[in-house]
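The residues making up each chain are set out below.
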Amino acid sequence: MSAQPRAPRWDAVVVGAGFAGSLVAERLGARGWRVLVLEAGRTVPPAAETAAALRAAGGGPPTSPYPHHPDAPSPDVTDLTGLPDGGFTATGHLAQYGPLPYASGYLRANGGTGLLWTGLAPRMHPEDFRTGTLGQGRDWPIGYADLEPYYREAERELGVAADADEQRRAVGLPIPDDYDFPMRAVPASHLDRQVAHALDGRTVHDPAMPAPARLAVTATPHARNGLPTRPGDAVPGPPCAGSASCVPVCPTGAKYTPLRTQARWAAGVELRTEAVVSRVLADPATGRATEVEYLAGGTRHRAAADLVVLAAHAIENARLLLLSGLANRSDQVGRNLMDHPALLTWGLMPRPVGPYRGPGSTSGLEAFRFGPARGRRAPFRIEIGNWGWSWAGGTPGAVAAALVATGLRGKELRERLGDRIGRQFSLQFELEQPADPANRVTLDPTRRDPLGLPSPAVRYDLDEYVREGMASARAVSDQLFALLGAEDHTAYPAGPGWPGRLEHRGVAYGYRGAGHAGGTHVMGSSPGTSVVDHWQRSWDHPNLYAVGCGSMPSLGTSNPSLTMAALALRSAERMDRDLRELHRPAAPTPFASPRPSETPCPSETP
């Protein structure tokens, strides 16, 4: 490729225009800094156009309705296929070397995976910041109290809908008494109300818990438009219309995406799409990052900046640091890859529950997220699924095909189909996965991407702690189904539909990836054991930041996007201080008056 002349120096270069990158750019731009944002993927069309394309195509995997840049491929869940005798095969951008599949994809486009997330925005529990002390994984170098003000700021930025009193009571979150979320909680679905009627106040026994767990169906915080908490407050767009397509696209724009933040970028922020960053260059003498090299339009470019911020997803951030040979004094770059392995159970309720309307989940069960049981098994949060069996693989089309195969036709087929689909529901158990250095992202020695760069490769497994969590989750699920009077249809057969299949103590389990990658440039209190400090700033390079879920030492059991946003806003404050200190005029050298004993006054001269 030909080289271009070097452009003027920027105050900051941000790599990636997803959640964290868009927030950092907005905050730095608002403070008057000149910011260049480099995004590997393409610009996406408006949400309504994307939704129309998805409907015209008859659906598809999460990344399917978005434009793909051939030089920046996106891994998708359809890259994985289960084998008839167990195990899996993997194709696509992300090489996989097992023993179990890393079962999540991500999107390389302007807005990143924040375009196709579910919109669920719960906070982490205070326990989640000290998992190492509790016996598994790592502790954070900061605690819940350090992040709490930024949680409130992130909730305002994303427009989170929730009930603060309910979050205090049911989840045990120390939220200030005078705080209200920007919008009222998303209304409970018909399914939520039926489940609450059957379960609230009842108890179930988790084999790992010393006492029965009391059940309470609790609304989940959502980053989507609803009714403002204070009448008269502005709402950033139309309210949720219940389109049931939050993944991959909200057609009305009610769900927050990073594009909403980008619309508020100051004039000093410039976005360049289809710009694939290939490495970060640093001065070997000072350790300071000096330039970012990127490939665009068949040409190699460089952008010089006083501050470099990597915000390109946990896997791509680690890959870029490895390509650059930077920030790895601790040998932790790429290590500690985490996700939320999601155990699904599904069945038929006794009565119709109105599935396939509204967001994918509006409520859940919180009692298994914290407490002494997490010393014995991975904690989990239970989402109540509004979209029937879709994630488990039993879509309405699949149900219809199965009924047609039995010979049903006409009115009888329609009635049976309406009954079966109308009673579908599922439970999703999101399990915490502790940081484990053996789960890691590396550069594949044999495979290269379309630009000739080494492809990312993953080695991934679930340890005994997570598997014990799955066993507890399944035991809890069996009791919940009994209390609901539901007919259980859960099964994890070996074969194409369940690449994430495993056996534990003779029982088969299947998991899906939640799309919650973390840990690959983990933050900590020591440069010998972590990649970045509590500001997400590299220990080895004082002006290089790696932001996003890759910095998180633990994920707890909550969807991590809100925590990622809070961390980005916190780090942006430190970045602003770094730039101000760098650009502060040098203090003039004060005039040094001579000591009287060394230079006497003229009147005292003999």
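The present account deals with the structure reproduced in this document.

Definitions and limits used
Residues numbered from 1 in each chain as written. Predicted model: local features only at pLDDT ≥ 70, side-chain atom pairs only at ≥ 80, totals over all residues. Heavy atoms only, no water. Helix = DSSP H or I, 4+ residues; strand = E, 2+ residues; numbered from the N terminus. Expected span 1.5 Å × (residues − 1). Buried < 20%, exposed > 50% of the residue type's maximum accessible area, 1.4 Å probe, protein only. Axes fitted to C-alpha atoms, helices over the stretch in contact; angles between N-to-C directions. Parallel < 35°, antiparallel > 145°, perpendicular 65-115°, else oblique. Contact = heavy atoms within 4.5 Å. Nonpolar A, V, L, I, M, F, W, Y, C, P; charged D, E, K, R; others polar. Core = buried A, V, L, I, M, F, W, Y, C linked by side-chain atoms within 4.5 Å. Pairing = 2+ DSSP bridges. Left-handed = near helix turned anticlockwise from the far one by under 90°. Polar contact = N/O pair within 3.5 Å; in protein donor to acceptor, adjacent residues only side chain to side chain. Phe/Tyr/Trp six-rings, centres within 6.5 Å; stacked < 30°, edge-to-face > 60°. Salt bridge = Lys/Arg side-chain N within 4 Å of Asp/Glu carboxyl O.

## Describing helix H11 (residues 561-583)
The terminal C-alpha atoms of H11, which comprises 23 residues, lie 32 Å apart, in line with the 33 Å expected from a rise of 1.5 Å per residue. The buried count for H11 comes to 17 of 23 residues, which makes it a mostly enclosed element.

## Description of the packing of helix H3 (residues 144-158) against H11
Orientation of H3 relative to H11, taken along the N-to-C sense of each, is 110°, at an axis distance of 8 Å. With respect to their mutual orientation, H3 and H11 come out roughly perpendicular. Counting all contacts with H3, which are made through Asp146, Leu147, Tyr150, Tyr151, Glu153, Ala154, Glu155 and Leu158, the residues of H11 involved are Leu562, Thr563, Ala565, Ala566, Leu567, Leu569, Arg570 and Glu573. Considering only residue class, the contact of H3 with H11 consists of 10 nonpolar, 1 polar and 5 charged.

## Re the nonpolar core
Membership of the largest hydrophobic core comes to 143 residues, with the highest contact counts inside it found for Val13, Val35, Leu158, Leu310, Phe368, Ile382 and Leu480. Look past the residues within four positions of Ile382 in its chain and what remains in contact with it is Ser363, Gly364, Leu365, Phe368, Leu427, Gln428, Phe429, Val476 and Leu480. Formed by 9 residues, the second largest nonpolar core is a distinct cluster that contains Ala51, Leu54, Tyr66 and Leu107.

## Considerations on helix H4 (residues 164-171)
For H4, the set of buried residues is Ala164, Glu166, Gln167, Arg168 and Val171. The inward-facing, buried residues of H4 contact strand E9 (217-219). Of the residues trailing H4, Gly172 is marked for its positive phi of about 80°.

## Things to note about the pairing of strand E13 (residues 299-310)
Buried residues dominate E13, accounting for 9 of its 12 residues. Both strand E2 (residues 10-15) and E13 contribute to a ladder of 5 bridges, which runs parallel. The residue of E13 that forms the bridge with Ala12 is Leu307. In sequence, strand E12 (residues 289-296) turns back onto E13 through a hairpin of 2 residues, with Gly297 there showing a positive phi of about 60°. Examined bridge by bridge, E13 and strand E23 (residues 544-546) share 3 bridges and lie parallel to one another. Counterpart to Val308 in the pairing with E23 is Leu544.

## Quick look at the pairing of strand E22 (residues 507-512)
Sheet topology places strand E14 (residues 342-348) next to E22; 2 bridges connect them, and they run antiparallel. Bridge assignment links Leu343 to a residue of E22, and that residue is Tyr511. Strand direction decides the pairing type here: strand E21 (residues 501-504) and E22, joined by 4 bridges, are antiparallel. For His504, the partnering residue across the bridge sits in E22 and is Val507. Adjacent in sequence and paired antiparallel, E21 and E22 are bridged by 2 residues, among which Arg505 carries a positive phi angle near 50°.

## Looking at the packing of helix H8 (residues 396-405) against helix H9 (residues 410-422)
Contact geometry for H8 and H9: axes closest at 10 Å, N-to-C directions at 140°. If you check the angle between H8 and H9, you find them oblique. In this structure, the crossing between H8 and H9 has a hand that is right-handed. Residues Pro396, Val399, Ala400, Leu403 and Val404 of H8 pack against Leu413, Arg416, Leu417, Arg420 and Ile421 of H9.

## Topic: the environment of Thr557
Within the element layout of this structure, Thr557 appears in the loop between E23 and H11. Look at Thr557 and you get buried, because its relative accessible area is 0%. A sequence separation of 127 residues divides Thr557 from Glu430, and the C-alpha atoms of the two residues are 6.1 Å apart. Filtering out sequence-adjacent residues up to four positions away, Thr557 remains in contact with Asp128, His340, Arg369, Pro379, Phe380, Arg381, Glu430 and Glu432. At 2.9 Å, the side chain of Thr557 and the side chain of Arg369 are in polar contact.

## Things to note about the packing of aromatic side chains
Summed over all chains, the structure comprises 13 aromatic pairs. Seen from their ring centres, Tyr102 and Tyr460 are 5.5 Å apart, and the 75° between their planes marks the pair as edge-to-face. On the criterion of sequence distance, the pair formed by Tyr102 in the loop between strand E6 (95-99) and H3 and Tyr460 in strand E19 (residues 454-460) is long-range, its members being 358 residues apart. A single burial state applies to Tyr102 and to Tyr460, both of which are buried. Both rings, one in Tyr144 and one in Tyr151, keep their centres 5.9 Å apart while their planes meet at 40°; by these two values the pair is tilted. Here Tyr144 matches Tyr151 in class, with each residue buried. Here the aromatic cluster, defined as three or more aromatic residues joined through ring pairs, consists of Phe129, Trp140, Tyr144 and Tyr151.

## A look at the pattern of salt bridges
Taken as a whole and judged by the stated rule, the model has 41 salt bridges. Between Arg152 and Glu148 there is a salt bridge, and its shortest N-O distance comes to 2.7 Å. Taken together, the positions of Arg152 and Glu148, both in helix H3 and 4 residues apart, correspond to about one turn of that helix. Arg152 sits in the partly exposed class, given a relative accessible area of 24%. Salt-bridge contacts for Glu468 lead to Arg505; the nearest nitrogen and oxygen are separated by 3.1 Å. Taken as a pair, Glu468 in helix H10 (residues 464-484) and Arg505 in the loop between E21 and E22 lie far apart in primary sequence, 37 residues in all. On the accessibility criterion, Arg505 (61% relative accessible area) is exposed. A network of salt bridges, in which partner residues are shared, links Glu26, Arg27, Glu153, Glu157 and Arg264.

Without other data, these values stay purely geometric and don't point to any function.
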